[in-house]
Amino acid sequence: MKQNKIILAALIIFSLAGCATTETDSTFIESGTPEIMLFWPPPPQTARIQYLKTIAGPADIGVKKTWFSKAIDTILGKDSAEGLLLRPYGISANMERLLIADPGIHALHVFDTKKRKYFAIHSANGEDLISPVGVAIDKNGDIYFSDSMLRKIFVFNSEGDYLKSIVPPEAFIRPTGISLDADRVYIIDTHAHAVFVFSKKDAGFLFKFGKNGSEKGEFNFPTHIFTGRDNLLYVTDSMNFRVQVFDRDGTFISAFGKHGDGSGDFSKPKGVAVDSEGHIYVVDADFDVVQIFDGSGGLLLAFGSSGTGAGELFLPAGIFIDENDKIYLADSYNSRIQIFQYLKEIKQGDLKQQ
């Protein structure tokens with residue numbers, strides 16, 4: 001039967017090859033034009049956050065199969081749901097690519113938004129992925145991601161080829177969040193209550209910082225980490241219900257947050273990220289909201305609410321902010337990524353005479 005399918009597919013290829021075309025979605029948003037006009041805070045107040053787009057699969061970045069490709073997939077029994085997000089968790093992006101760790105389907109999604117292409121990584125160095133949760137992309141396109149159940153960090157090149165693994169002198173217990181700077185890799189080990197630091201050049205272990213506790217510089221099940229433009233490290237200290245800030249050598253700088261159900265409080269803090277003006281964004285999976293704080297931990301604004309519509313969230317997880325202040329949010333149990341834009345305030349001195 002399998003041989004007959006292959007023969008039939010070959011016949012179709014020879015007979016229809018001349019008709020094959022590449023389809024793209026002309027509605028793909030390259031300029032940032034939103035699908036729906038949503039702002040936070042709402043008018044008449046000055047908007048600071050704008051909803052742009054939702055991505056749930058390859059079609060949402062303009063990847064579309066031709067009729068020819070669909071026919072071949074049907075004949076060969078290929079899964080039509082390939083590329084659809086199930087439970088997106090960790091997220092990273094640059095000007096060309098969007099990377100999503102999806103433990104729901106045991107894979108890392110790679111969306112090439114410039115070339116409008118997609119591929120997924122399902123295994124690394126001969127091991128099938130189990131629970132990919134953290135991901136980061138280097139300036140040269142190399143992909144770093146954690147598998148919390150395999151207890152390993154994997155590094156791939158931009159084409160999806162395995163390069164190396166990163167392991168500490170003693171095995172990770174539960175590696176999760178990842179962040180990069182110019183020459184270092186920072187990895188959260190949630191169950192070790194610590195941040196491990198490695199050399200990017202040779203993957204050599206440098207040092208670690210943190211231990212279990214509630215004092216300054218101590219952690220209680222940390223989960224996410226983000227490197228700001230100020231080269232400071234922002235860590236979600238989840239069960240201490242706070243965000244801690246460190247310099248790149250692990251020296252404690254500051255902390256903010258407490259457990260509660262009021263504005264500015266945390267219940268289940270997840271992803272953390274920082275925009276170009278130093279505002280700190282913290283995802284709370286219990287509240288289905290993103291809260292934005294100033295550098296001192298003062299609450300500035302919140303966006304999102306419980307639901308399934310645009311701008312609504314269901315157990316959100318990771319967050320990433322790119323160099324253009326585009327905000328990528330893993331809306332985990334809605335099986336999608338939502339994209340927002342931070343709108344900078346135009347100051348008088350920034351205006352130029354025409």
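Please read all numbers here as calculations on a predicted model, not as lab measurements.

J.: Would you take a moment to explain the overall build of the chain for this structure?
T.: Helix and strand content of the chain: 2 helices and 31 strands. Scored against the burial criterion, the 354 residues of the chain give a buried share of 51%. Taking all contacts inside the chain whose residues are at least 6 apart in sequence as the whole, residues at least 24 apart take part in 46%. On the chain, roughly 17,100 Å² of surface is accessible, and the fraction owed to carbon and sulfur atoms is 52%.

J.: Help me understand the sheet that holds strand β30 (residues 326–331), please; the structure alone is not making it clear to me.
T.: To summarise the sheet geometry, strands pair through backbone hydrogen bonds and adopt either a parallel or an antiparallel arrangement. One open sheet holds the 5 strands; their spatial order is β2-β3-β31-β30-β29, and the pairing between them is antiparallel. The sheet terminates laterally at β2 (39–40) and β29 (319–321), the two strands that pair on one side only. Here strand β3 (residues 49–55) pairs with strand β31 (residues 336–342) via 6 bridges, running antiparallel. For Thr54, the partnering residue across the bridge sits in β31 and is Gln338.

J.: Explain the sheet that holds strand β17 (residues 194–199) to me, please; I cannot follow it from the model alone.
T.: Spatially, the 4 strands line up as an open sheet ordered β15-β16-β17-β18, and their pairing is antiparallel. Looking along the sheet, the strands with just one partner apiece sit at the ends: β15 (175–180) and β18 (205–209). The mean angle between the axes of side-by-side strands here comes to 20 degrees, regardless of whether they run parallel or antiparallel. As defined by bridge partners, β17 adjoins β18 across 4 bridges and the pair is classed as antiparallel. When the bridges of β18 are listed, Phe198 appears paired with Phe205.

J.: Any chance you could explain the pattern of salt bridges here in plain terms?
T.: When the charged atoms of two side chains with opposite charge come close together, those side chains can pair. On inspection of all chains with the given rule, the structure shows 13 salt bridges. For the salt bridge of Lys200 with Asp138, the shortest nitrogen-to-oxygen distance reads 3.0 Å. Remark: Asp138 occurs in the loop between β11 (132–137) and β12 (143–147) and Lys200 occurs in the loop between β17 and β18; sequence separation between them is 62 residues. Judged by relative accessible area, which is 11%, Lys200 ranks as buried.

J.: I'm lost on the pairing of strand β19 (residues 222–227) in this one. Help?
T.: It is a general feature of regular strands that their side chains alternate between the two faces of the sheet. Within β19, 6 of the 6 residues are buried, which leaves the element mostly enclosed by the surrounding structure. Across 4 bridges, the pairing between β19 and strand β20 (residues 233–237) is antiparallel. What sits directly across from Pro222, in β20, is Asp237.

Basis of the calculations
- Residues numbered from 1 in each chain as written.
- Predicted model: local features only at pLDDT ≥ 70, side-chain atom pairs only at ≥ 80, totals over all residues.
- Heavy atoms only, no water.
- Helix = DSSP H or I, 4+ residues; strand = E, 2+ residues; numbered from the N terminus.
- Buried < 20%, exposed > 50% of the residue type's maximum accessible area, 1.4 Å probe, protein only.
- Contact = heavy atoms within 4.5 Å.
- Areas by Shrake-Rupley, 256 points an atom, 1.4 Å probe, with all protein chains shown as cover.
- Pairing = 2+ DSSP bridges.
- Axes fitted to C-alpha atoms, helices over the stretch in contact; angles between N-to-C directions.
- Salt bridge = Lys/Arg side-chain N within 4 Å of Asp/Glu carboxyl O.

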